[in-house]
Amino acid sequence: MAILGERDHQLADAQTKMQEQKLQELLQYVSQHSPFYKELFEKHHIDISQIKTLADLAAIPTTTKEDLHQRNNDFLCVPTEKVVEYTSTSGTLGGPVTIALTENDLSRLADNEYNSFSCADGSKDDIYQLMLTLDRQFMAGIAYYSGIRKLGAGIIRLGPGVPALQWETIQRLKPTAIVAVPSFILKLIGFAKEAGIDINKTSVKKAICIGENIRNTDFSLNILGRKITESWNIHLYSTYASTEMQTAFTECAEGRGGHYQPELVIVELLDENDKHVEPYTPGEVTITTLGVEGMPLLRYKTGDICMYYDEPCACGRTSLRLSSIMGRKKQMIKFKGTTLYPPALFDLLNEREEILDFVVEVYSNEIGLDQVLIYVLPTENTEESDHQIRAYLQARLRVSPHIKYVTAEEIQKIQFSEASRKAIKFIDKRT
């Protein structure tokens, strides 16, 4: 239960009024310019003049990933000559979806990341080394770059991979921060140990962690986060975002959930019946974008399962915070009567010293039941190592997934297809 003072209540009221004003502007805008939402309003006899409050949003049906995938172009609200950037989703839960941005959308994206990096203790005195894709229609790359420019900090656009080049650049240009996928940070640590680099004497003091969880739902560091900080004395900041929402939830130094940006998005966490869940209860992140011109979304279900916290943060911010992703709705696995989500499985696999790298594959057997195959790159391909890994998974999962041991070259081919922008850790081949 949130404990708010009078000033906090005033801020909350002002925030609600601001969001309701922006919501009414959005409804007018999509009713005039969005083929998809025009049709939705007509089909469900929705009178947008009656949608005045945030609670009234429940009268509007949700929009799904399937809607966006199947009718991608019907979400575009501007003529193509106003589109200045075409980005796309990574296709984690299906085929990629194009998100078109106008000049105003790019400016909004920069504001979003300026707020995010500021929340993560960023300043103009920082230098950020970007260890991520900056091409291939990847929105996050252009967003980070734009936000850091607005912050006035230095940027080193190095791209993903190549630990030797990353360390050479760190030693030469002395960045204060890195932006990277946590599992790649572990590879950096491993390379540094082999190369005799004392990572705690370098200039890097913090890492903005993207794409993978570093915390449990009680805010403690998970296995991946602990492995990084046990070797490297840097501050980790987690961030959650998606291409479709064009907005990020980023941690402050307290590390107690990603902070909400209410001026940019309305967020709802919904149960299976599309009802709002209580704090500390898992729900599907459902967003309504505010201020988006090219492809705004209304009650869009992201497929991501999170919890929210509504008590004020010690940093002074009073808007809600989101947990790390607990799982993705479509990625839920029912294996031999046990419910598994990939992030929890990843945590278990990251914990084992015998496992250097992995990919989880799920497929349907001949009677339509989920089967789990784990491709494992072991430190040693021995009978003893195999026994330890299988015994560990059986003990922790209560079920025994299939395991296939692979070489470093094979795991690289599985994780990086020609079109992929980031390492693939989960492959869903279910029918």
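Below: a short report on this structure. (Residues numbered from 1 in each chain as written. Predicted model: local features only at pLDDT ≥ 70, side-chain atom pairs only at ≥ 80, totals over all residues. Heavy atoms only, no water.)

## A look at empty space enclosed by the protein
Within this structure, the stated rule accounts for 1 cavity of 30 Å³ or more. The space that makes up the largest cavity amounts to roughly 40 Å³. The class makeup of the residues in the lining of the largest cavity is 3 nonpolar, 3 polar and 1 charged. (1 Å grid on protein atoms, 1.4 Å probe; cavity = no way out; pocket = protein on both sides within 12 Å on 5 of 7 lines; lining within 4 Å. Points joined across faces, edges and corners; volume = space filled by probe spheres on them. Nonpolar A, V, L, I, M, F, W, Y, C, P; charged D, E, K, R; others polar.)

## Regarding the state of the cysteines
What the rule picks out here adds up to 0 disulfides. Cysteine 209 takes part in no disulfide bond, and the closest cysteine sulfur, belonging to cysteine 119, lies 14 Å away. On the basis of relative accessible area, cysteine 209 is assigned to the buried category, the value being 0%. Cysteine 119 supplies the cysteine sulfur nearest to cysteine 306, a cysteine that is in no disulfide, at a spacing of 16 Å. Residue class for cysteine 306 comes out buried when judged on its relative accessible area of 0%. (Disulfide = S-S within 2.5 Å. Buried < 20%, exposed > 50% of the residue type's maximum accessible area, 1.4 Å probe, protein only.)

## Considering the sheet that holds strand E15 (residues 327-328)
Taken in spatial order, the 4 strands make up an open sheet running E10-E11-E12-E15, and their pairing is antiparallel. Both outer strands of the open sheet, strand E10 (265-270) and E15, are each paired with one neighbouring strand and no more. When strand E12 (residues 300-306) meets E15, the two strands line up antiparallel, connected through 2 bridges. Among the inter-strand pairings, aspartate 304 is bridged to a residue of E15, identified as arginine 328. (Pairing = 2+ DSSP bridges. Helix = DSSP H or I, 4+ residues; strand = E, 2+ residues; numbered from the N terminus.)

## Details of the sheet that holds strand E21 (residues 426-429)
Strand order across the open sheet formed by 4 strands is E20-E19-E18-E21, with mixed pairing between neighbours. Each of the sheet's edge strands pairs with one partner strand only, and the pair in question is strand E20 (402-405) and E21. Between one strand axis and the next, the sheet turns through 20 degrees on average, direction left out of account. Bridge analysis of strand E18 (residues 355-364) against E21 gives 4 bridges, and the strand direction is parallel. The residue of E21 that forms the bridge with glutamate 361 is isoleucine 427. Contacts from helix H11 (residues 408-415) reach E18, strand E19 (370-378) and E21 within the one sheet, and its direction differs from that of E18 by about 50 degrees. (Axes fitted to C-alpha atoms, helices over the stretch in contact; angles between N-to-C directions. Contact = heavy atoms within 4.5 Å.)

## Considering the pattern of salt bridges
Overall, the coordinates contain 22 salt bridges when judged by the stated rule. In this structure, lysine 82 and glutamate 293 form a salt bridge, with 3.1 Å as the shortest nitrogen-oxygen distance. Of this pair, lysine 82 sits in the loop between helix H3 (65-70) and strand E1 (83-88) while glutamate 293 is found in the loop between strand E11 (283-289) and E12, placing the two residues 211 residues apart along the sequence. Shared partners join several salt bridges into a network, and the residues in it are Glu39, Arg71 and Asp74. (Salt bridge = Lys/Arg side-chain N within 4 Å of Asp/Glu carboxyl O.)

## Digging into the pairing of E10
When you tally the buried positions in E10, you get 6 out of 6 residues, the bulk of the element. Taking every second residue as pointing to the same face, both faces of E10 are buried, with Val265, Val267 and Leu269 on one and Ile266, Glu268 and Leu270 on the other. In the sheet, E10 pairs with E11 via 6 bridges, with the strands oriented antiparallel. Within the sheet, the bridge partner assigned to leucine 269 lies in E11 and is valine 285.

## Things to note about the nonpolar core
If you look at the biggest cluster of nonpolar residues, it comprises 46 residues, and the most contacted ones within it are Tyr37, Phe41, Ile60 and Leu298. The next biggest cluster of nonpolar side chains, apart from the first, holds 21 residues, and it includes Leu348, Leu349, Val360 and Ile389. (Core = buried A, V, L, I, M, F, W, Y, C linked by side-chain atoms within 4.5 Å.)

## Some details on the packing of helix H8 (residues 223-231) against helix H9 (residues 342-351)
Where H8 meets H9, the closest approach of the two axes is 8 Å, and the angle between their N-to-C directions is 35 degrees. From H8, Ile223, Leu224 and Lys227 reach across to H9, where they touch Asp347, Leu348, Asn350 and Glu351. Taken together, the residues that form the contact of H8 with H9 break down as 3 nonpolar, 1 polar and 3 charged.

## Describing unusual backbone geometry
Even without glycine at this site, glutamine 137 takes up a positive phi of about 60 degrees. Summarising the element assignment, glutamine 137 is placed in the loop between strand E3 (127-130) and helix H5 (139-151). Exposure remark for glutamine 137: the relative accessible area of 39% places this residue in the partly exposed category. Residue arginine 299 is not a glycine yet carries a positive backbone phi of 50 degrees. Relative to the helices and strands, arginine 299 is located in the loop between E11 and E12.

## Notes on the environment of serine 118
On the secondary structure map, serine 118 appears in helix H4 (residues 103-119). Through-space distance from the C-alpha of serine 118 to that of leucine 130 is 16 Å; in sequence the pair is 12 residues apart. One polar contact links the side chain of serine 118 to the main-chain carbonyl oxygen of tyrosine 114, over a distance of 2.7 Å. (Polar contact = N/O pair within 3.5 Å; in protein donor to acceptor, adjacent residues only side chain to side chain.)

## Topic: the side chain of lysine 301
Secondary-structure assignment places lysine 301 in strand E12. Sequence-distant contacts of lysine 301, that is, excluding residues within four places in its chain, are made with Thr62, Thr63, Lys65, Asp274, Glu284, Val285, Thr286 and Lys329.

## Considering the packing of H4 against H5
Viewed as axis vectors pointing N to C, H4 and H5 meet at an angle of 70 degrees, and their least axial separation amounts to 7 Å. The orientation of H4 with respect to H5, classified from their angle, is roughly perpendicular. The interaxial crossing formed by H4 with H5 has right-handed handedness. Packed against H4, whose contacting residues are Leu109, Ala110, Asp111, Glu113, Tyr114, Phe117 and Ser118, the element H5 presents Met139, Ile142, Ala143, Tyr144, Ser146, Gly147, Ile148, Lys150 and Leu151 at the interface. Here the residues of the contact of H4 with H5 are counted per class, giving 10 nonpolar, 3 polar and 3 charged. (Parallel < 35°, antiparallel > 145°, perpendicular 65-115°, else oblique. Left-handed = near helix turned anticlockwise from the far one by under 90°.)

Shape descriptors only; they carry no functional weight alone.
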